[in-house]
Each structure stands twice: as C-alpha cells, then as structure tokens.
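# Tertiary structure, described
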Amino acid sequence: HTTSPVSPREAVAALPAYSAGKPPKAAEGYTPYKLSSNENPWGPAPAAAQAVRDVTTLHRYPNPGAEQLRAALAEHLAVPFEDIVTGAGSLGALTQLISAFAGTGSDGQQDEVIYAWRSFEAYPIVVRTAGAQDVPVPVMDDGRHNLEAMTAAISDRTRVILLCTPNNPTGPALSHQEVTDFLATVPSHVVVVIDEAYLEFVRSDDPVDALALYREHPNVVVLRTFSKAHGLAGLRVGYAIGQPAVTEHLRKVAVPFAVSAVAEAAAIASLEHLDEVNQRVESIVQERERVVAALSQAGWAIPETQANFVWLPLGAGAVDFAQAAGAQALAVRPFDGEGVRVTIGEPEANDRFIELCRTYSGGPG
Ligand code: PMP
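Residues numbered from 1 in each chain as written. Predicted model: local features only at pLDDT ≥ 70, side-chain atom pairs only at ≥ 80, totals over all residues.

### Digging into the packing of helix α3 (residues 67-77) against helix α10 (residues 261-271)
Put simply, the rule reads: Working convention: axes come from line fits to C-alpha atoms, limited for helices to the stretch in contact. Angles between N-to-C directions cover 0 to 180 degrees. Counting from the N terminus, the helices are the DSSP runs of H or I reaching at least four residues and the strands are the DSSP runs of E reaching at least two. Angles below 35 degrees are treated as roughly parallel, those above 145 as roughly antiparallel, those between 65 and 115 as roughly perpendicular, and all remaining angles as oblique. By definition, any crossing whose near helix is turned counterclockwise from its far helix by less than a right angle is left-handed, and any crossing with a clockwise turn is right-handed. Residue pairs qualify as contacts under a 7 Å threshold applied to their C-beta atoms, which are placed from the backbone. As a working rule, the residues Ala, Val, Leu, Ile, Met, Phe, Trp, Tyr, Cys and Pro are called nonpolar, Asp, Glu, Lys and Arg charged, and the rest polar, with Gly in that last group.
At their nearest, the axes of α3 and α10 sit 9 Å apart, and the two run at 20° to each other. Regarding the angle of α3 to α10, the classification is roughly parallel. Between α3 and α10 the crossing geometry is left-handed. Counting all contacts with α3, which are made through Gln-68, Leu-69, Ala-72 and His-76, the residues of α10 involved are Glu-264, Ala-267, Ile-268 and Leu-271. Here the residues of the contact of α3 with α10 sort into 5 nonpolar, 2 polar and 1 charged.

Dropping the structure here:
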C-alpha cells in the first residue's frame, strides 16, 4: 500500500477494531465447539427457521420500522407500540440511542457516557464513534457494577449511563432494588440504558423489572435482543423500549430498513413459539448450574453468573488458558490480562471445559 491521503475523523483513527469471538480450530480427536460468542447452541425454534424459508418477497423492501414485529412485541410485553424501536441487533438499537443522545455539544465539548468496565466490548466503540467521551467505571472484584462509583462519575456533561445486567463478560445481574436506588441518584435528564441481552437466563430473587422502571422513569430505556435466548444471532434483530419522547428520536437516526424481512418474520415466529424458546433457555440454565458447581468443586473462584456464560478471572493467564482450550478444539473468549469468558454450550462441550478446568495447571483463578 502507498501512503493514503485520506484519513478518518480523529476519534475513529484512535478506535480499536471490534474483535468478534473466533471459531474453533480443528484438533485431532476432538469435535470442535464454539464457546466464544454467547450463542444459543440449540438454535432457534424450528418455526422461526421455517418462517425465514417462507418469506417470498425478497425483492421488496421490508416493512418500514418493522411494524409487524413491533405490534407482536407490544402485545407480548403489554407495552405501547410507539414505545418500541427495532434495530439490527440490540447493538443497532444502542447505536441509534447513543447517536441520538450523545456526541459533541454545540460548545465543542464532548458529552459523556458512563458504563461499567469491563463490560460489552462494543460500548466504547459506539460511544467514541458518536464523538462522545466514554467514562468507564471499573467493576468490583466480584464482577459487579460499582454503582456508587458510577454515581460519583456523573458530571454536568453526562448524557447517558449504560447498565449491563447480567454483565457481559463477568456474569452477575443487578437486582431491582439496586437499580431503583441507583436511578434515584441520577439526574432525570440523563438517559439510563438497561441492557438486558441475557435477561432470559436470570434466575434471581429480585430480578430487575425493567418494564416497570421505564414506565415510571421517562429517562430509562430497555435493550433486548433475539440473538441469545431466541437463537437468532445470525439474523440481527433487537429492540429498545422507552417512552415516546425517547423512541421518536431513536427512530429518526435509524438506518432505514435495518431489520430485514427475514429477520422480522423469524422474530415474530419465535415469539409465537415461546415454549420452545423457554425449553432451550431452561436447558442452558441447567447446564450453567452444572458447570458452576463443577468449577467450584474443582476449587475455581468465579463470579456469580446469571447469563449463558462463565467468567474465569485469570488475569495474566487468560491467553494461556484460551490456548489450552483451543488445543482441544474449544473456542473461548480471552480478554488479555483480565480473564476468559466461556459460553455454556452443548453438554459435551461443557464436559470438556469442566475437565480442562479440573486439570489445568494455571488454575484455579
Ligand atoms: N448487549 C450485550 C451485553 C451483549 O453481550 C451483546 C452481544 N454480545 C449485545 C448487546 C448485542 O447483541 P445483538 O446486537 O446481537 O442483539
């Protein structure tokens, strides 16, 4: 390549590239398993896959604003149609939210977006791309959000706060009481996003009732997805729920037709077959409990997880562990210097992961 005369905006030049979970590498004697992207190993309800094949209007643009899916969601969740905004994955909806609410102000100063860290890798990318300043607040040693520190991080430039519950990649979920108390510390003009990508896997005494919170608080927005529990990650469909004063702006900044016709059809079919979705979720939750118990018995100290993955806080040993897993054709997700996130997969994949943890010389964490 010759030196290029073109250059992107400064904020973009400095951005790290998003690095997605890698596929497994073949290893002699092992069936490969992908445990690196928090996918549903069982796939979608068969009716959702059938709905994709049944779409006959591929030459037509999709429904603008995915109105049929929004109507189905409105009924299913008992929320008004206008309160729902769909996107290309919940990441698409989050991108719309950040670009609508945070950027560079008319005084040339950057708006601030607060989130826990480590959390979902896309947060800094979306925030910085919008021209806003990200304010990461370290999670506590047990992988939980440090809500007191997040409150302390609020400044007069704060526009958005992202709560990730359960938190990817560390695993714990917030409680309803914690979020309620936190909201009381946040100025009402600051948008608080509750990212519930892993909602369906939560089994806790005091789960966040995010729909109740958005009804009470005009500044609360809930993010949900069809990628995890519904097993439709490949189709890219998610949504935000908020009051109309928020959602009207999210719709304005959306990429038109972001949700494809096939994604919309599959998502609607999946909502109509929730029993099958719930069965898949339940089997993943049971496998999670089995993995967590086995790891604990093997002496591993890991944070509580309410999601479809576990977090091994291996620090400097993260990449070594991922290599050891890779040598047995298990793709996992290392975060260099921090830890390894391992998705709950098929029972055989989980067995192999447990056995690796039992025998791994660098553990327990
Ligand atoms: N939020 C969180 C916390 C996630 O972990 C993910 C996916 N890894 C997403 C949002 C985005 O998911 P999608 O765009 O597939 O809905």
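### Notes on the site of the ligand
Test applied: All residues are tested the same way: a C-beta atom is placed from the backbone, and lying within 6 Å of a molecule or strand makes the residue near it.
Around the ligand, the structure places 13 residues, and the nearest of them are Gly-89, Ser-90, Leu-91, Thr-225 and Ser-227. Looking at the shell around the ligand element by element, the count peaks at 3 residues for helix α4 (residues 89-101). A per-class count over the shell around the ligand returns 5 nonpolar, 7 polar and 1 charged.

### Regarding the UniProt feature "modified residue: N6-(pyridoxal phosphate)lysine" (unreviewed entry) in the chain
Put simply, the rule is: UniProt positions are given in the numbering used here, feature names are shortened, and annotations may be inferred rather than shown by experiment.
Feature annotation in UniProt assigns "modified residue: N6-(pyridoxal phosphate)lysine" (unreviewed entry) to the following positions: Lys-228. Following the sequence through the fold, Lys-228 ends up in the loop between β7 (220-225) and β8 (238-241). Setting aside chain neighbours within four positions, we find Lys-228 in contact with Asn-38, Asn-40, Ala-197, Tyr-198 and Asn-308.

### A word on the nonpolar core
As a rule of thumb, soluble globular proteins bury nonpolar side chains together. Quick reminder of the rule: Each nonpolar core comprises buried Ala, Val, Leu, Ile, Met, Phe, Trp, Tyr and Cys residues, the members being joined through C-beta atoms within 7 Å. As a rule, residues whose C-beta atom has 12 or fewer other C-beta atoms within 10 Å are exposed, those with 20 or more are buried, and those in between are partly exposed; C-beta atoms are placed from the backbone. Reported domain spans reflect what an automatic or database domain assignment gives.
Counting residues in each nonpolar core, the largest one holds 100 residues, and the members touching the most others are Leu-97, Ile-98, Val-193, Ile-194, Val-221 and Ala-240. Per element, the largest residue contribution to this core is 7 residues, and it comes from α4. Both of domain 1 (10-44 + 275-359) and domain 2 (47-271) provide at least three residues apiece to this core. The residues contacting Leu-97, other than those within four sequence positions of it, are Val-193, Val-221, Ala-240 and Leu-250.

### As for unusual backbone geometry
The linkage connecting Thr-165 with the following residue, Pro-166, adopts the cis geometry, with an omega of -10°. Along the chain, Pro-166 falls in the loop between β5 (158-164) and α7 (176-183). In this structure, Pro-169 follows Asn-168 across a cis peptide bond, with omega equal to 15°. On the secondary structure map, Pro-169 appears in the loop between β5 and α7. A positive phi angle is found at Ala-66, which is not glycine, with a value near 45°.

### Focus on the pairing of β5
As a reminder, the rule being used: Should DSSP find at least two bridges between two strands, the strands are regarded as paired.
With 7 of 7 residues buried, β5 is to be regarded as a mostly interior element. In the sheet, strand β3 (residues 112-117) pairs with β5 via 4 bridges, with the strands oriented parallel. Residue pairing across strands places Ile-114 opposite Ile-161, the latter belonging to β5. Bridge count between β5 and strand β6 (residues 191-195): 5 bridges; the pairing is parallel. If you follow Leu-162 over to β6, its bridge partner there is Val-193.

### Topic: the sheet that holds β8
Here 7 strands make up an open sheet; going across it, the order is β2-β8-β7-β6-β5-β3-β4 and the pairing mixed. At either margin of the open sheet sits one strand with a lone partner, and together these are β2 (84-87) and β4 (133-138). Taken pair by pair, the neighbouring strands of this sheet meet at an average axis angle of 20°, ignoring direction. Where β2 meets β8, 4 bridges bridge the pair, whose relative direction is antiparallel. When the sheet's bridge partners are listed, Thr-86 is paired in β8 with Tyr-239. Contacts from helix α5 (residues 122-129) reach β3, β4 and β5, with the element oriented near 155° to β4.

### What about the domain arrangement of the chain?
Here the chain is described as being made up of domain 1 (10-44 + 275-359) and domain 2 (47-271). Listing elements by their share of the side of domain 1 that touches domain 2, those giving two or more residues are α1 (10-13), α11 (274-297), β9 (309-312) and β11 (333-335). For the side of domain 1 that touches domain 2, the class distribution of residues is 16 nonpolar, 6 polar and 6 charged.

### Remarks on the sheet that holds β11
The strand order across the open sheet formed by 3 strands is β9-β12-β11, and the pairing between neighbours is antiparallel. Each edge of the open sheet carries a strand with a single partner, namely β9 and β11. The sheet shows a mean angle of 20° between the axes of neighbouring strands, taken without regard to direction. Both β9 and strand β12 (residues 339-343) contribute to a ladder of 4 bridges, which runs antiparallel. Within β12, the residue paired with Val-310 across the bridge is Val-342.

### Things to note about the pairing of β7
With 6 of 6 residues buried, β7 lies mostly within the body of the structure. By the alternation rule, side chains of β7 split into Val-220, Val-222 and Arg-224 and Val-221, Leu-223 and Thr-225, which are all buried. Alignment of β7 against β8, held across 4 bridges, turns out to be antiparallel. Bridging from a neighbouring strand, Thr-225 pairs with Gly-238 of β8.

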